[in-house]
Amino acid sequence: MDKIKITIDNKPITGRAGMTVLEAAKMAGIYIPTLCYHPALTPFGACRLCITEIEGMRGFPTSCTTPVNDGMVIKTNTPQLQELRRGILELTITDHPYSCITCPTNGRCELQKVAANIGMKEITLPYIYKKRPTYRNDPFFDRDYNMCILCGRCVRICHEVRGATAITFTQRGIKTVIGTAFGRPLQESGCQFCGACVDACPTGALTERAREWAGLADRDVVTTCPYCGVGCQLSLQLKKNRIIEVLPHEKNEVNRGQVCVKGRFGITEFVYHPQRLTTPLIKRNGKLTEASWDEALNLVTSRLANYHKDEVAIIASAKCTNEENYVTQKFGRAVLGTNNIDHCARLCHSPTVAGLARVFGSGAMTNSIHDIGEAACILIIGTNTSESHPVTALEVLKAVRRGAKLIIINPREIELVRFADLWLRPRLGTDVPLLMGMARTIVDENLMDQAFITERCENFDAFKKSLQNFTLDTVTQITGVPKDKISEAAHIYATNKPASLLFAMGITQHSHGTDNVLAIANLAMLTGNIGSPGSGVNPLRGQNNVQGACDMGSLPNVFPGYQQTTNETVRQKFEAAWDVSLNPTQGLTLTEIFDAAHHKRIKAIHLIGENPILSDPDANHVRKALETLEFLVVQDIFLSETARLADVVLPSASFVERDGTFTNTERRVQRVRKVIEPIGASRPDWWIICQIARGMGGKGFDFENPSQIMDEIAHLTPIYGGINYRRLQKGGLQWPCPTPDHLGTPILHTQLFTRGKGRFTPLQYRPSAELPDKTYPLVLTTGRRLFHFHTGTMTRKVKGLNTLLNEGLVEINPIDADALGIVDGDILKVISRRGEVPAKARVTEWSPAGVVYMDFHFAESSTNILTNTALDLVAKIPELKACAVRIEKSHHR
Amino acid sequence: MIFDKIRKQAIAEWATLQQSQQPRILLGTATCGRAAGAMSTLEIMNQELARHNIDAIVTQVGCIGLCYIEPLVDIVKPNRPRICYSSVTPKIIPQLIEDYLIKDNPRPDLALGTIGDGTIEGIPRLLDLPMLKPQVRIVLRNCGHINPEDIKQYIANDGYIGFIKAINMGPERVLGEIKKSELRGRGGAGFPTGQKWEFCRRSPGKEKYIICNADEGDPGAFMNRALLESDPHSVLEGMLIGAYTIGATHGYIYCRAEYPLAIERLSIALNQMREYGLLGDNILGANFSFDMEIKEGAGAFICGEETALMASIEGKRGMPRPRPPFPAVSGLWGKPTNINNAETWANVALILQKGSEWYDGFGSQTSKGTKTFALVGKIERTGLIEVPLGIHLRDIIYEIGGGIADGKQYKAVQTGGPSGGCLPASLLDSPVDYDSLVKAGSMMGSGGMVIADEDTCMVDFARFFLSFSQAESCGKCVPCRIGTHQMFAILERITRGEGKLRDIEQLEQLSQLVKTTSLCGLGQTAPNPVQTTLRYFRDEYEAHINKKKCPSLVCTRLINYYILPGKCAGCMLCLRDCPAKAIVGGRRLVHIISQEKCTKCGACLDVCPERFGAVVKVSGEKVIVPSKPIPVATSKALKNKG
């Protein structure tokens, strides 16, 4: 980068080309007052406070908009400038109520700070009574536009960073006011309620209602968000040891001051919710009744001890910390003697782990989240990123703003389609032929990266041969995507380097999920888009710690760090460390565990923080399996639908009540910090597990804190070898991080693939297991929505989120709706071979004709009663993304 | 070459038309003509022609700029000079047709002047008339003479010759020619056009845009409207030349939606250009592909500012952004963009047609060429004029404009629209060019010229322009949004008689603050009317504040109506007419106006018979009146005593 020498207030400063005068001054520690400036936004030049005098330039250029030039001589603080600033600020103040004492932002207000800095003498101009509107009925935050100084930060963050464009400037002159198009309510304006506007507001115009009168925080603690796998860093604001507000943390590599509605507004309420479990419960006479910890733990240890190692299983949790997952699997393997350990990763990215491990050697996101912003092309397939991983979607928007090409492949018209250069809309379940068609175009037109293929990959010829079956005619016939669009997508992806590829459950939750993942890997290798910044194969993980739960070996076939249980040397290492002999047989997967329970081969399950009755396919079958068990233990923070079936319920502490680490989707291990004492008698899951393990005579469960557990993890897990709490104090570390001096690995496979060479895989097309027919003419696909998370255990405790969405909807195309006589808002019955559920109709073109869409957040419309358990042969993932249904109008409205 | 054929054909058709043995009638139906009733005139004319079975060629043309006597109808009889008739209302039509077309009486009493060769007894040559003689109509040369909806009439009058020359010269030489002409931007700032083009031409990038700014929003300005309605191709040819020179691929004409006729005629013109191969791929085989479209503004004055205008084209809210980057580097959609005013583009076509040396013959040392102005306000002859730059204000106002209306005294002229300045009589002999106007505290602007007479209160005049600027501020930057509003509030206060001693000082300070710290040209120039009136008419401010007196008797809160007891005849006329029922009195009783009830409408003054002259309008002074109606005789006695 070009170095530029400038002088600010007689101080010589070296800046970089492209920097503004304001940025250079900030870097040099020179304060220039600003109100409309925001580091995440393009310069606006509205508040006019950052004016300067620059030699050779006319007038008073604003430092936020003036780029530095070599040799510039700048003055920021002359008497004349201060006088002008006082004049400008006086104008601003006449347009803002003098009501600091009664303002919720008193003490946090930037206008106050700037006024104090500039030093106002007197206000001689009259105050302007604006009578601007105030809005106090939207979820989460109030808007009082009398407090607004029109710095535009809310509007710009909404447009530039969040891409929501929900609010804008309206009116002109002194009547100018921030509002929505045509004054519609926020909920109809495209607002995502992410709160970025609230965070960007320098005054009391936008305030979070719940914290308005809480005053100033007395401390803040950084922790990791408990919702999705993005792993946003949150800054918890505490006053007298109570969380008063949750803010996005600014200085980190993951979310950089942004967060979604769930993280911003959806935490405090569930943490302090009256329905939190505060005491252990034991089922007596068919009813769960309160019990003491001793009672409950004694019952669990004595009952579990009665079962043979092949009769018990553990369902671990992707919501728990790494340390908790580590002790959980250690408990299962070392104390219960079983490898029957699995968790919900089976239902999300098991094909990714299996597929990518096979061809790359490592089954995780190859690049980092912020690296996506560097891409020249982004191919998004099988992920509704802006709803499921909202903050990751912001990186996509950033890349698009910088000129990157965006290709979306999705049968549904997802939000990001708005920003796409090209949208392919294949038939559900036809990803393999579509991706193979693109690969074929790339090969036929010689757009591949020959050097990369030759030097870094193997098995190309076999793969090339398998492309023979995928002529564009065939592919078009199968996928329904026009030939020219397939070819255009191939061109864009192959010729705009680096290209990043994002995918999620739309790829994996199929009976051919592993093939889908392999097709993606083929495409990336073919174009050399692996191992460099802005490129990569990037599976977006769903749960906050699903990556970590896998890393920690909460899987039936691996110890922590993906060390095979069947590998003799590995097993010996763990036997030595844990001082036990270990079971060499591979355990059952999640879906197999329920089948086994159904057939009474599994008799007891210890389940932690999952809610399979809502989250797993063919929910009726799951319920029956759980009911068939002789003994079910559930650890959770709420009495979930699954916990109601338990014999013993153990109350867990929530994420703010325990220490630990989560590993996010980009392999970054980040701290979770205890900020308040556990609610009631709830306890951290690691403590509970250790108590049970010790109660059953287990050795090596005498941990005093999670930091000690992490040290044991590091000792036994090469990819976590260099990780400890002291290092994590400064921020997260991305594995592989093998030694204490290793800086972590932002990009995988830079020189060599983890397995040596990247392996091309020849593929064939296999249709979905259940295709529509006369009785079940529609295809049901499933997913998440922005305003809720998973089975709603946490988000449905949040009033504002319920205001935004409170019921299960079936999205149905107008063509299908017309044919069935359905109008928007009708109550429908959705029926599959496995059951039926009620849900409200949402008639929308977002769903293609022939496809209906439902989420799985609402127990009242328990979508997974309908879904199919047909498994992917390799990864054993059920086909949650496609099953055949029919729809009937319900007579109850 | 194809164009040669088109041109030959157009010239031939034009000649045939000129020598037609049918009578020809040209009717000015631009918006100004229509406002004066030209469409009714046209309707009646067609009826009358039909009634008399006269086979005449009726053509709707644009505006020749004589707004004060519209509708204008020109009649050409074979082998006779063209006669221009003014104020041709539908009533006159039957007589005129009968007299001239049937009986061959040219009606010199109705005629304004003759156009072209030949004379008619009793009718002067149009161009010899005082309002036209000092004008140099080169940009407006075709206005009122050709059919703006017929590209062939434009071509027949040397249209698109400039573009043909340009493609033969090559972009570099065209650029040189424009630079040599020293053409400066007619939007008001006067930036050298050639230099602007050069920045954009040299700016790297495959995609470039040119824009015609036709978002004419100044109160009282209508130069661009008349030009676009009367001769759209002269602007479009300029754009074509500009696009070719700069290397632009696409053009936009940003025209305010309040100009529906201009938009209609522009879109007809664009279609004809496409039809004649003057837009599209590989235009006239010159390996130059270009197209353009019209973007309608939605009524925001600020969208005349170039960066706001581009934001508006992009579908964003029209708000200016700071420069740099300048449009030439990063403009529309982030691509190099050149934006010029409609009149500038029209000049371009002219310069290429006739050459920069010819162009050098017009204008002053620093300001070459001509400038169009909309002459409005308290002036005898309002209209659209075109004068060589450097002409003196006095010549415009007294020669062309015919002086102040109703024989009143001149007080000031506001040039440059709402953000221009008010120039007093002492500056009447200063030249009208970019630099002199700025030196006087005003600016050229796009060409509005509003004349104020002795009855205009300059505080109120400034208040009016500021009310416009503050309402049209986009609201983005603090000095403009709040500063202009605070200034406006002070002016309101002063005109209400609530001015304070420090108001003048505060106005001066605010003016300076808003001027130096605003983001865009709107804010930077909005204080001009205040600053110039403070500079040249400070005594009026002082009278308002110190004596609570409006010397021009305009500010209603500062004026009072009284009935002079010594003059009132007790006729009851004013009492009956007073809409506020503020007058008490009775037959042969002296009437009294209740100052509390009076709404200052002036009806009493209007109805009081001249022979009595009993009602007076005063400001800052009190007239002693009886406390209740007394007999008229008594009041006479009072008067004698007094």
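Residues numbered from 1 in each chain as written. Chains lettered and ligands numbered in written order. Predicted model: local features only at pLDDT ≥ 70, side-chain atom pairs only at ≥ 80, totals over all residues. Heavy atoms only, no water.

### A look at the overall build of chain B
1) Next: A tally of helices and strands in chain B yields 25 helices and 18 strands.
2) Next: Computed over the C-alpha atoms, the radius of gyration of chain B is 28 Å, within 12% of the 26 Å expected from 2.2 N^0.38 for a compact globule of 642 residues.
3) Next: Each of the three principal axes of chain B carries a C-alpha extent, and together these read 95 × 70 × 40 Å.
4) Next: Taking the intrachain contacts of chain B between residues at least 6 apart in sequence as the baseline, contacts between residues at least 24 apart amount to 71%.
5) Next: Surface exposure of chain B reaches about 24700 Å², of which carbon and sulfur atoms provide 51%.
6) Next: If the 75 positive side-chain charges of chain B are averaged to one point and the 67 negative ones to another, these points end up 7 Å apart. (Helix = DSSP H or I, 4+ residues; strand = E, 2+ residues; numbered from the N terminus. Rg over C-alpha atoms; globule rule 2.2 N^0.38 Å. Contact = heavy atoms within 4.5 Å. Areas by Shrake-Rupley, 256 points an atom, 1.4 Å probe, with all protein chains shown as cover. Lys, Arg positive; Asp, Glu negative; His and termini not counted. Charge placed at Lys NZ, Arg CZ, Asp CG, Glu CD.)

### Quick word on the overall build of chain A
1) Next: The helix and strand tally for chain A stands at 30 helices and 37 strands.
2) Next: Across chain A, contacts joining residues at least 24 apart in sequence account for 72% of those joining residues at least 6 apart.
3) Next: For chain A, the accessible surface area stands at approximately 32100 Å², while carbon and sulfur atoms represent 50% of it.
4) Next: With 101 positive and 90 negative side-chain charges, chain A shows a spacing of 2 Å between the two charge centroids.

### Examining the sheet that holds strand 34 (residues 827-832) of chain A
Residues and elements named next belong to chain A.
1) Next: Read once around its circumference, the closed barrel built from six strands follows the order 32-36-33-35-34-37, with strand pairing classed as mixed. Each neighbouring strand pair of the sheet contributes to a mean axis angle of 45°, computed without reference to strand direction.
2) Next: Both strand 34 and strand 37 (residues 883-889) contribute to a ladder of four bridges, which runs antiparallel. What sits directly across from Val830, in strand 37, is Ile887. (Pairing = 2+ DSSP bridges. Axes fitted to C-alpha atoms, helices over the stretch in contact; angles between N-to-C directions.)

### Focus: the interface of chain B and chain A
1) Next: On the side of chain A, 29 residues touch chain B, which itself brings 32 residues to the contact.
2) Next: Note on chain B versus chain A: buried area summed over both sides is about 2500 Å², and carbon and sulfur give 63% of it.
3) Next: For chain B, the biggest contributors to the area lost against chain A are Arg317(B), Arg481(B) and Gln486(B); these three give 22% of the whole.
4) Next: Linking chain B with chain A are two salt bridges, by the criterion used here.
5) Next: Here Arg481(B) and Asp95(A) are joined by a salt bridge, their closest N and O atoms 3.7 Å apart.
6) Next: Counting across the chain B and chain A interface gives 13 residue pairs in polar contact (both at pLDDT 80 or more).
7) Next: Elements with a minimum of two residues in the side of chain B that touches chain A: helix 17 (458-472), helix 18 (478-495) and helix 19 (503-517) of chain B. (Buried area = accessible area lost by both parts, 1.4 Å probe. Salt bridge = Lys/Arg side-chain N within 4 Å of Asp/Glu carboxyl O. Polar contact = N/O pair within 3.5 Å; in protein donor to acceptor, adjacent residues only side chain to side chain.)

### So, the pairing of strand 25 (residues 604-608) of chain A
1) Next: Taking burial as the measure, the five residues of strand 25 of chain A include five buried ones, the bulk of the element.
2) Next: Residue alternation in strand 25 of chain A divides its side chains into two sets, Ala604(A), His606(A) and Ile608(A) and Ile605(A) and Leu607(A), and both sets are buried. (Buried < 20%, exposed > 50% of the residue type's maximum accessible area, 1.4 Å probe, protein only.)

### Structural notes on the packing of aromatic side chains
1) Next: Enumeration according to the criterion identifies 33 aromatic pairs over all chains in this entry.
2) Next: Of the aromatic side chains, those joined through ring pairs into one cluster are Phe140(A), Phe141(A), Phe193(A), Phe265(A) and Phe787(A).
3) Next: The ring of Phe638(A) has Lys797(A) sitting right over it, with the charged end atom 4.2 Å from the ring centre.
4) Next: Directly above the ring of Tyr100(B) sits Lys77(B), whose terminal nitrogen or CZ lies 5.0 Å from the centroid. (Phe/Tyr/Trp six-rings, centres within 6.5 Å; stacked < 30°, edge-to-face > 60°. Lys NZ or Arg CZ within 6 Å of the ring centre and 35° of its normal.)

### Focus: helix 4 (residues 93-102) of chain B
All names here are of chain B.
1) Next: Within the sequence span of helix 4, burial applies to Ile93, Leu96, Ile97, Asp99, Tyr100 and Leu101.
2) Next: Elements that come into contact with the buried residues of helix 4 comprise strand 1 (24-28), helix 3 (38-51), strand 3 (73-76) and strand 4 (82-85).
3) Next: Residue Asp104 follows helix 4 closely and has a positive phi angle near 65°.

### Details of helix 9 (residues 322-336) of chain A
1) Next: Taking 1.5 Å of rise per residue, 15 residues should cover 21 Å, and helix 9 of chain A covers 20 Å from first to last C-alpha, within 8% of that figure.
2) Next: Once helix 9 of chain A finishes, Gly337(A) follows within two positions and takes phi at roughly 75°, a positive value. (Expected span 1.5 Å × (residues − 1).)

### Structural notes on empty space enclosed by the protein
Summary: where empty space remains is shown by rolling a probe the size of a single water molecule over the atoms.
All names here are of chain A.
1) Next: Applying the stated criterion to the full structure yields 14 cavities of 30 Å³ or more.
2) Next: Here the largest cavity is characterised by a volume of approximately 580 Å³.
3) Next: With three residues, strand 32 (residues 778-783) is the largest single contributor of residues to the lining of the largest cavity.
4) Next: Among the residues making up the lining of the largest cavity, the classes are represented as 15 nonpolar, 18 polar and five charged.
5) Next: A domain-level breakdown of the lining of the largest cavity finds at least three residues from each of domain 4 (366-539) and domain 5 (778-889).
6) Next: A volume near 360 Å³ is recorded for the second largest cavity.
7) Next: If you go around the second largest cavity, you meet 29 residues; those closest to its centre are Ser317, Lys319, Gly609, Asp636 and Met794.
8) Next: For the lining of the second largest cavity, the per-class residue count stands at eleven nonpolar, 13 polar and five charged. (1 Å grid on protein atoms, 1.4 Å probe; cavity = no way out; pocket = protein on both sides within 12 Å on 5 of 7 lines; lining within 4 Å. Points joined across faces, edges and corners; volume = space filled by probe spheres on them. Nonpolar A, V, L, I, M, F, W, Y, C, P; charged D, E, K, R; others polar. Domains from an automatic or database assignment.)

### Regarding the pattern of salt bridges
Residue and element names in this part refer to chain A.
1) Next: One pass over the full model with this rule turns up 86 salt bridges over all chains.
2) Next: A salt bridge links Lys603 to Glu311; its shortest N-O distance comes to 3.3 Å. A residue pair is termed long-range when its members are at least 10 positions apart, and Lys603 in the loop between helix 23 (590-598) and strand 25 and Glu311 in the loop between helix 8 (293-304) and strand 15 (312-315) qualify at 292 residues.
3) Next: Across the pair Asp444 and Arg440 runs a salt bridge, and its minimum N-O distance is 3.1 Å. One end of the pair, Asp444, and the other, Arg440, are both in helix 14 (residues 431-444), four residues apart, so they sit about a helical turn from each other.
4) Next: Look at the salt bridges and you will find they share partners, linking Arg108, Asp199, Glu208, Arg211, Glu245 and Arg264 into a network.

### Regarding the domain arrangement of chain B
Residues and elements named next belong to chain B.
1) Next: Looking at the assigned domains, one finds that chain B contains domain 1 (17-128), domain 2 (160-359), domain 3 (370-456), domain 4 (459-546) and domain 5 (559-640).
2) Next: Measuring from the centre of the C-alpha atoms in domain 1 to the corresponding centre in domain 3 gives 31 Å.
3) Next: Contacts between the two partners involve five residues from domain 1, matched on the other side by five residues from domain 3.
4) Next: Summed over both sides, the interface of domain 1 with domain 3 buries roughly 360 Å², with 62% coming from carbon and sulfur.
5) Next: When the buried surface of domain 1 facing domain 3 is broken down by residue, Gly65, Cys67 and Tyr68 rank first, second and third, together holding 89% of it.
6) Next: In this structure, the connection of domain 1 to domain 3 is made through zero salt bridges.
7) Next: Its residues assigned to classes, the side of domain 1 that touches domain 3 shows four nonpolar, one polar and no charged.

### Examining the state of the cysteines
1) Next: This model, assessed by the stated rule, comprises zero disulfides over all chains.
2) Next: Free of any disulfide, Cys154(A) has its nearest cysteine sulfur in Cys148(A), 6.1 Å distant.
3) Next: Given a relative accessible area of 9%, Cys154(A) falls into the buried group.
4) Next: Cysteine Cys574(B) shares no disulfide, and the gap to the nearest cysteine sulfur, in Cys571(B), comes to 6.1 Å.
5) Next: Residue classification places Cys574(B) among the buried residues on the basis of a relative accessible area of 9%. (Disulfide = S-S within 2.5 Å.)

### What about the domain arrangement of chain A?
All names here are of chain A.
1) Next: The domain boundaries assigned to chain A delineate domain 1 (3-118), domain 2 (134-271), domain 3 (281-345 + 545-734), domain 4 (366-539) and domain 5 (778-889).
2) Next: If you average the C-alpha positions of domain 4 and of domain 5, the two centres end up 26 Å apart.
3) Next: Residue-level contacts link 18 residues of domain 4 with 24 residues of domain 5.
4) Next: When domain 4 packs against domain 5, close to 1700 Å² is buried across both sides, 52% of that on carbon and sulfur atoms.
5) Next: Together, Arg412, Leu428 and Gln509 form the three largest contributors to the area buried by domain 4 at its contact with domain 5, with a combined 37%.
6) Next: Our count for the domain 4 to domain 5 interface comes out at one salt bridge.
7) Next: Here Arg412 and Glu811 are joined by a salt bridge, their closest N and O atoms 2.6 Å apart.
8) Next: Those elements giving two or more residues to the side of domain 4 that touches domain 5 turn out to be helix 12 (385-388), helix 19 (505-508) and helix 20 (513-526).

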